[in-house]
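Okay, here's what each chain looks like letter by letter:
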Amino acid sequence: MPLPALAFLLGLGLAACGLPLPWSALSTLPLAAILLFVARAETPRQAAGRLFWAGFGYFALHLWWLGAFVADLFGLAPLGLLAGLLFALEGAFLAVMAFLATSLTRSTPGRVWTLAGGWVLLEWLRFLGPLAFPWPTLGYTLLPTPAIQIADLGGVLLGSVLVSFTAAALAHAWLGWQQGRAPLRPAMLAAVGWALALGYGLTRMPGEGPEQPMRVMRVTFDAFGRASGSLSPEEQFRVQRKASLERPAGSVVVWSEGAVQQHNARPGEQVPTFPGPGLSGVGGDDWQAGGVGPLQYNRVVSLSTEGQIQTLSDKARPVPFGETRPFDAVLSPVYNLLGRVLGFELANVSGAQALTPLALNDVQYGAYICYDSVFPWVSRTLANKGAELLVNPSNDGWYKGWGVQQHFNMGRVRAIETRRWLVRSVNNGVAGSVDDLGRPVQTVQSGDTVQVLDVRPKRLSGTTLYMRLGDWPALLLALGMVVYGWRQRGRIW
């Protein structure tokens, strides 16, 4: 079999052990095979080529739903292949990492460790910059196990460290066995790490705090119709308002991302007939911002009983190419052409300048919008600023198949990292509540028009180690794997 094809198949194997599949914790096995295959390359250049094709297969299967989205976007199935450009880009990042990691040492076991540590460091880098896309992070594969609870110590990347360390230890042991050696110390350390992680997870108990009654909902508006304007904001408002009435006393209603369309959605402005008190996503533009014309925004606001906006928070990370136009100075003609093909102008939404919880009736809500939920620093920042409850208005109408479940499951880890309850109101996704252990309590993910849930999440306070230290524990451990691999440079097997 050609080596690129073998690398591609290994990448598919890793993706087949990812979310939302229930056996995702087995991801250490295909990852160990990938590390071995890449580490055995004769040159760093060959190692880069092998990891490129493994990464291409990994992203292609894990994000297969993205091709379906692109096909729907353009209305032509073959154009779904354009998603391959993203898969190739992510594979290229892995290839660069492999070239650097394998250049540090000629030793095969050393390369296994530099690749394992480099993989985690690259995952961290994928949270940063204008093209940030941290979707398939290894730590999420621990979600079906109690070990995912270590996320409150070092975030999802600490889970990635456990997965990559275990894979490297298995690969190292296999290499030693083939040479008649028994390098069991890394494997024993991995076993101890798993025992500690599982023990920690099994002993976590849910927090106690006052309940906050809330009404969340799942609506089924066509996302493309929303974007093009063929689905009127007035009709959407009417459906959601009707579903919000006659709710339990003291209940706060939560509407999804972009549920209200309004110019100048600022504190003091009124959303007529909004059934407050509540929280809602709002889309529109601000003609007063900057004094240079309209500024598009995607924000979430808190509204009083009378429908008056109390506080607001903008989306922290607008979606690249979906809500922002990266490198617009160069690519502007391309964006304009795409806008004409699609029938609507591609957005250029401003991101939040600062993150603050929303205040409503003396409760602090850590509200963040859709794509923000895959960036741990967003919920961490809000919790550090006093948020007692996480709220994630979302529009998952762009996703299909695995994408919907992946987005919901990754959001569950934000609850673990901060030890806060999470509630979601969505368009075409999973709505409901998740407790501070990341366990779904009440959810709805199917049905026609509108589905309503009355949930009772708890308001919690306190600070986790991850809230204090962020990703530093995971990054230091990942760097430790790189250093350990570099120190193996004198070995020849």
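Please read these numbers as outputs of a predicted model, since none were measured by experiment.

Caption draft 1: Up close: the overall build of the protein. Each helix and strand in the protein was counted, giving 15 helices and 13 strands. In summary, the protein has a C-alpha radius of gyration of 23 Å against a globular reference of 23 Å for 493 residues, a match within 12%. Projecting the C-alpha coordinates of the protein onto the three principal axes gives extents of approximately 75 × 55 × 40 Å. Taking all 493 residues of the protein together, the buried fraction comes to 56%. Expressed as a percentage of contacts within the protein between residues at least 6 apart in sequence, the contacts between residues at least 24 apart total 71%. Here the protein has roughly 20200 Å² of accessible surface; of this, 63% comes from carbon and sulfur atoms. Computed over 38 positive and 30 negative side-chain charges, the inter-centroid distance for the protein is 12 Å.

Caption draft 2: Region of the structure containing the packing of aromatic side chains. With the rule as written, the count across this model stands at 17 aromatic pairs. A centroid spacing of 5.3 Å and a plane angle of 90° characterise the contact between Trp 113 and Tyr 484, whose relative ring orientation is edge-to-face. Taken together, the residues Trp 113 in helix α6 (residues 108–125) and Tyr 484 in helix α15 (residues 472–487) connect sequence positions 371 residues apart. With a centroid separation of 6.4 Å and an interplanar angle of 75°, the aromatic rings of Phe 127 and Phe 375 are classed as edge-to-face. A residue pair is termed long-range when its members are at least 10 positions apart, and Phe 127 in the loop between α6 and α7 (151–178) and Phe 375 in the loop between β8 (363–367) and α12 (376–384) qualify at 248 residues. For the pair formed by Phe 127 and Phe 375, the shared burial category is buried. Taken together, the ring pairs connect Phe 8, Phe 52, Trp 53, Phe 56 and Phe 87 into an aromatic cluster.

Caption draft 3: Focus on α7. Its 28 residues place the ends of α7 only 35 Å apart at the C-alpha level, less than the 40 Å of an ideal helix rising 1.5 Å per residue. At Leu 157, α7 shows its maximal kink, close to 70°. Of all 28 residues that make up α7, 22 are buried, and the element is covered over most of its length.

Caption draft 4: Quick peek at the environment of Pro 457. Looking at the element boundaries, Pro 457 is found in the loop between β13 (450–455) and α14 (465–469). On a C-alpha basis, the gap between Pro 457 and Trp 377 in space is 22 Å, while along the polypeptide they are 80 residues apart. The residues touching Pro 457, leaving out its near neighbours within four places in the chain, are Pro 210, Glu 211, Gln 212, Met 214, Leu 389, Trp 421 and Val 423.

Caption draft 5: Summary view of the pairing of β8. Counting buried residues in β8 gives four out of five residues, a clear majority hidden from the surface. Where strand β7 (residues 358–360) lies against β8, three bridges are found, and the strand directions are antiparallel. Looking at the pairing, Ala 359 lines up with Gln 364 of β8. The antiparallel hairpin formed by β7 and β8 contains two residues in its connecting segment, where Asn 361 sits at a positive phi of about 55°. What joins β8 to strand β9 (residues 389–395) is α12, and the crossover it makes is right-handed.

Caption draft 6: Representation of the pairing of β9. Within β9, seven of the seven residues are buried, which leaves it mostly tucked inside the rest of the structure. A two-sided burial pattern is seen for β9, the buried positions comprising Leu 389, Val 391, Pro 393 and Asn 395 on one face and Leu 390, Asn 392 and Ser 394 on the other. With three bridges joining them, β8 and β9 adopt parallel strand pairing. Paired with Ala 367 across the bridge in β9 is Val 391. Note: β9 against strand β10 (residues 422–427), six bridges, orientation parallel. Note that in β10 the partner of Ser 394 across the bridge is Val 426. One crossover worth recording links β9 to the parallel β10 by way of helix α13 (residues 402–418), and it is right-handed.

Caption draft 7: A look at the environment of Arg 215. For Arg 215, the location among the structural elements is in strand β1 (residues 214–219). A relative accessible area of 8% places Arg 215 in the buried class. When the C-alpha positions of Arg 215 and Val 423 are compared, they lie 9.5 Å apart, and in sequence the two are 208 residues distant.

Caption draft 8: Expanded view of the side chain of Glu 257. You can see Glu 257 is positioned in the loop between β2 (252–254) and β3 (260–261). Of note is the side chain of Glu 257, whose polar atom sits 3.3 Å from the side chain of Lys 315. In terms of polar contacts, Glu 257 uses its side chain to reach the backbone amide nitrogen of Asn 395, at 3.1 Å.

Caption draft 9: Quick peek at the side chain of Gln 488. Inspection of the secondary structure assignment puts Gln 488 in the segment after α15. Relative accessible area serves as the criterion here: at 7%, Gln 488 is assigned to the buried category. Once residues lying within four places of it in the same chain are set aside, the contact partners of Gln 488 are Thr 105, Ser 107, Gly 110 and His 172.

Caption draft 10: A nonpolar patch on the surface, seen in detail. Taken together, the side chains of Leu 89, Phe 93, Leu 131, Phe 321, Phe 327 and Val 330 make up a nonpolar region of the molecular surface, amounting to roughly 550 Å² of accessible area. You can see Leu 89 is positioned in helix α5 (residues 84–103).

Caption draft 11: Layout of the nonpolar core. Ranked by size, the top nonpolar core spans 112 residues in total, and within it Leu 51, Leu 115, Trp 119, Trp 135, Met 214 and Tyr 365 carry the most contacts. When residues of this core are assigned to their parent elements, the largest contribution, 12 residues, is made by α7. With residues up to four places along the chain from it excluded, the contact list for Leu 115 reads Leu 35, Val 38, Ala 39, Leu 51, Met 97, Ala 98, Ala 101 and Thr 102. Core analysis: the second largest hydrophobic core is formed by 18 residues, Phe 221, Ala 243, Val 253 and Val 301 among them.

Caption draft 12: Spatial organisation of the packing of α5 against α6. Packing of α5 against α6 leaves a shortest axis separation of 9 Å and a crossing angle of 140°. With respect to their mutual orientation, α5 and α6 come out oblique. When you trace α5 past α6, the crossing you get is right-handed. Of the residues in α6, those touching α5 at Phe 93, Leu 94, Met 97, Ala 98, Ala 101 and Thr 102 are Arg 111, Thr 114, Leu 115, Gly 118, Trp 119 and Leu 122. Its residues assigned to classes, the contact of α5 with α6 comprises eight nonpolar, three polar and one charged.

How each quantity is defined
- Residues numbered from 1 in each chain as written.
- Predicted model: local features only at pLDDT ≥ 70, side-chain atom pairs only at ≥ 80, totals over all residues.
- Heavy atoms only, no water.
- Helix = DSSP H or I, 4+ residues; strand = E, 2+ residues; numbered from the N terminus.
- Rg over C-alpha atoms; globule rule 2.2 N^0.38 Å.
- Buried < 20%, exposed > 50% of the residue type's maximum accessible area, 1.4 Å probe, protein only.
- Contact = heavy atoms within 4.5 Å.
- Areas by Shrake-Rupley, 256 points an atom, 1.4 Å probe, with all protein chains shown as cover.
- Lys, Arg positive; Asp, Glu negative; His and termini not counted.
- Charge placed at Lys NZ, Arg CZ, Asp CG, Glu CD.
- Phe/Tyr/Trp six-rings, centres within 6.5 Å; stacked < 30°, edge-to-face > 60°.
- Expected span 1.5 Å × (residues − 1).
- Bend = angle between axes of the 7 residues up to and from the residue.
- Pairing = 2+ DSSP bridges.
- Right-handed = clockwise from strand over helix to strand, strands pointing away.
- Polar contact = N/O pair within 3.5 Å; in protein donor to acceptor, adjacent residues only side chain to side chain.
- Patch = residues over 30% accessible without salt bridge, like charges linked within 9 Å, V, L, I, M, F, W, Y side chains within 5 Å.
- Salt bridge = Lys/Arg side-chain N within 4 Å of Asp/Glu carboxyl O.
- Core = buried A, V, L, I, M, F, W, Y, C linked by side-chain atoms within 4.5 Å.
- Axes fitted to C-alpha atoms, helices over the stretch in contact; angles between N-to-C directions.
- Parallel < 35°, antiparallel > 145°, perpendicular 65-115°, else oblique.
- Left-handed = near helix turned anticlockwise from the far one by under 90°.
- Nonpolar A, V, L, I, M, F, W, Y, C, P; charged D, E, K, R; others polar.

That is the geometry; function is a separate question.
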